[in-house]
Amino acid sequence: MTHTLNRRGLDNGRPGEEICVLSMIHYQDRNEETAEAMRELARTIIAYGPNNIMGSSVGATPEQIIESAAASGVITAVFTDKDTVGRLVREIKTKDPGISVVLSGLFSDIHDICEYAGLTEHTSNYAVGISGNAALLPDHITLEIATQCGHGLVSRHYIQHVACRIAEGKMTAREGAELLSKPCVCGIVNKKRTEEILLKMAELTSFTEGHEINYAVRQKRKFS
Amino acid sequence: MYIDQDLCERCMDCIPVCPVGAIGIEETKCARHFSFRVVIDYETCVECGVCRRLKKCPQKAIKQVEDIPYPRILRAAFSDPTFRHASTAVLGRGTEEMKTNDVKNEFTRDNVGFSVEVGRPGVGAYFRDLQKVTMKVVALGGDFASYNPVVALMDKSTGALQEEVLDEKVLSAIAEFVVPRDKALKVLADLVAFINAELESVATISVIARNEVDGGHAFLRKLKVHGKVHGYVPYPNGKVNLGIAALKGGKP
């Protein structure tokens, strides 16, 4: 989740649309005591019903997610409701796990959550955009989905391929969002927002006609 | 990563899933007819493992060699987030940056941290591009974070990376450093201009600052003003460490 801060498309005009939660044990503090604290923290996060969570892309059960969090020292999830995250953070604070918790989203949302939970922001990470050879980047709508995976594992071609399949009526936007959430091993692709973006993409003729969108399908037509 | 041609049925479902577009068609011509095969371009592939993890291939034709040799193994280390970095024992890009700052207090109110991730988002980059950044960081007087896997490949006094790694391509790699707070805005302006002028690939730049005692974002306000002059706009979203680890046992 190093780069959830670089997510594109979040807007102060749509508060509470997306908040990522991450907890990590500092590498020098990894021991049985902190592993148990992480188990409890993972249980708490799961209980609040995230939109997506680490391990879900490979079909992990809640117990497997909890054990994986304890073993790796990290857990990540994404929520689509600010009030829920507020209650979650307040409960985490009460339990005093002694491990770091990070939120990623609109600073105004995070501030509201901190106020609700009786916390003050400790350290912040600000994104100042993408520099360098911008000609290599895909269009801005594709980036709104691609940047949801901080490790860059959601391929621009796959996003455009899925959008085209939706435009052709061969899958729903919800199914498409589910597919695109799979490459992200941290489980932080916001499936609800992705579904909405895919619907927009499918409606745009620029994505369904003559675009690089359906690379594989075009190749298939060429060779079959 | 490679495709076992004896198993591949050329359904091409794997082609779009590759983040760097390394999977493609190779045309083959026989005397009488035209044919093709699906291949992974060895040079373009960053060994992120997405094609195999997604299990798109019903024939299990996408395979990995038993031991990826050095320095190519660095592609996997910096591109596959399930890979735990040997030098830091951290998954992902191998660094904790501000995520645990309420424990380690590396970022204080006297300094500002920078994280320059070369190759992101979804473009990929060669280490030679990263080296341009690390050498620039030295010129700017930055102090590299020691707990980052890039440092293990680098001469910290010059920013030069090991010669043998320069032609390895990764999805992204992060240069992390701190500077005194009073120099941070000048460093940022120089970095943005340098990266725009010199990088073959792209990079995301992010800035880490301790919040004020009341949780306020004083440095973000400075960035907003500074960005108007230097051609960048800070995002309305970002990442915030809530300081919960520092609460344990009543620690300040």
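Asks: Looking at this model, I keep getting lost on the domain arrangement of chain B. Mind explaining?
Replies: Often the size quoted for an interface is simply the accessible area lost on bringing the parts together. Residue and element names in this part refer to chain B. Segmenting chain B into domains produces domain 1 (2-63) and domain 2 (84-250). Computed over C-alpha atoms only, the centres of domain 1 and domain 2 are separated by 35 Å. Counting residues at the interface gives six residues for domain 1, matched by seven residues for domain 2. Between domain 1 and domain 2 the total buried area reaches about 470 Å² when both faces are included, carbon and sulfur atoms providing 57% of it. Among the residues of domain 1 in contact with domain 2, Val 20, Glu 43 and Val 46 are the three that bury the most area, contributing 69% of the side total. Connecting domain 1 to domain 2 are zero salt bridges. The interface formed by domain 1 and domain 2 holds one residue pair in polar contact (both at pLDDT 80 or more) in total. Taken together, the residues of the side of domain 1 that touches domain 2 break down into four nonpolar, one polar and one charged.

Asks: Would you mind going over the interface of chain A and chain B with me for this structure?
Replies: Each partner contributes residues to the interface: chain A has 76 residues there, and chain B has 91 residues. Of the roughly 7,200 Å² buried between chain A and chain B, counting both surfaces, carbon and sulfur atoms make up 61%. Taken together, chain A and chain B are joined by zero salt bridges. Run the count over chain A and chain B and you get 36 residue pairs in polar contact (both at pLDDT 80 or more). Looking at the side of chain A that touches chain B, the elements with two or more residues in it are β1 (19-24), α2 (62-72), α3 (82-95), β4 (100-106), α4 (107-117), β5 (123-132), α6 (156-167) and α10 (215-223) of chain A. With ten residues, the single largest contributor to the side of chain A that touches chain B is β5 of chain A. Residues belonging to the side of chain A that touches chain B are distributed by class as follows: 37 nonpolar, 28 polar and eleven charged. Relative to strand β10 (residues 202-210) of chain B, β5 of chain A runs antiparallel, the two sharing eight bridges.

Asks: Mind showing me how you'd approach the domain arrangement of chain A here?
Replies: Residues and elements named next belong to chain A. On domain assignment, one finds that chain A holds domain 1 (4-117) and domain 2 (134-223). Taking only C-alpha atoms, the centre of domain 1 and the centre of domain 2 are 26 Å apart. With 20 residues of domain 1 at the interface, the matching set in domain 2 holds 17 residues. Taking both sides of the interface into account, the surface hidden between domain 1 and domain 2 amounts to around 1,500 Å²; carbon and sulfur atoms contribute 46%. Where Glu 18 meets Arg 193, a salt bridge forms, and the shortest distance between an N and an O atom there is 2.8 Å. There are twelve residue pairs in polar contact (both at pLDDT 80 or more) connecting domain 1 and domain 2. Top element by residues in the side of domain 1 that touches domain 2 is strand β3 (residues 74-79). It accounts for three residues. Broken down by class, the residue content of the side of domain 1 that touches domain 2 amounts to six nonpolar, ten polar and four charged.

Asks: Would you explain the packing of α6 of chain A against helix α7 (residues 173-181) of chain A in this entry?
Replies: Helix packing for two helices is described by the angle between their axes and how far apart those axes are. Residue and element names in this part refer to chain A. Interaxial distance between α6 and α7 falls to 9 Å at its minimum, and their mutual angle equals 165 degrees. Classified by the angle between their axes, α6 and α7 sit roughly antiparallel to one another. In this structure, α6 crosses over α7, and the sense of that crossing is right-handed. Facing Tyr 158, Ile 159, Val 162 and Ile 166 of α6, the residues of α7 in contact are Ala 173, Gly 176, Leu 179 and Leu 180. Looking at the contact of α6 with α7 residue by residue, the classes come out as seven nonpolar, one polar and no charged.

Asks: Before we go on, may I ask you to explain the packing of helix α1 (residues 32-47) of chain A against α2 of chain A in this structure?
Replies: All names here are of chain A. Two numbers describe how α1 lies on α2: the axes approach to 8 Å, and their chain directions differ by 140 degrees. Between α1 and α2 lies a crossing whose hand is right-handed. For the pair α1 and α2, contact is made by Ala 35, Met 38, Arg 39, Ala 42, Arg 43 and Ile 46 and by Pro 62, Ile 65, Ile 66, Glu 67, Ala 69 and Ala 70, respectively. Residue composition of the contact of α1 with α2, grouped by class: nine nonpolar, no polar and three charged.

Asks: What is the right way to read the pairing of β5 of chain A from this model?
Replies: Two faces belong to every sheet, and in a regular strand the side chains alternate between them. For β5 of chain A, a buried count of nine out of ten residues is recorded, marking the element as mostly surrounded by other parts of the structure. For β5 of chain A and strand β11 (residues 237-241) of chain B, the ladder comprises four bridges, and the chain directions are antiparallel. Bridge pairing in β11 of chain B links Thr 123 of chain A to Asn 241 of chain B.

About the criteria used
- Residues numbered from 1 in each chain as written.
- Chains lettered and ligands numbered in written order.
- Predicted model: local features only at pLDDT ≥ 70, side-chain atom pairs only at ≥ 80, totals over all residues.
- Heavy atoms only, no water.
- Domains from an automatic or database assignment.
- Contact = heavy atoms within 4.5 Å.
- Buried area = accessible area lost by both parts, 1.4 Å probe.
- Salt bridge = Lys/Arg side-chain N within 4 Å of Asp/Glu carboxyl O.
- Polar contact = N/O pair within 3.5 Å; in protein donor to acceptor, adjacent residues only side chain to side chain.
- Nonpolar A, V, L, I, M, F, W, Y, C, P; charged D, E, K, R; others polar.
- Helix = DSSP H or I, 4+ residues; strand = E, 2+ residues; numbered from the N terminus.
- Pairing = 2+ DSSP bridges.
- Axes fitted to C-alpha atoms, helices over the stretch in contact; angles between N-to-C directions.
- Parallel < 35°, antiparallel > 145°, perpendicular 65-115°, else oblique.
- Left-handed = near helix turned anticlockwise from the far one by under 90°.
- Buried < 20%, exposed > 50% of the residue type's maximum accessible area, 1.4 Å probe, protein only.

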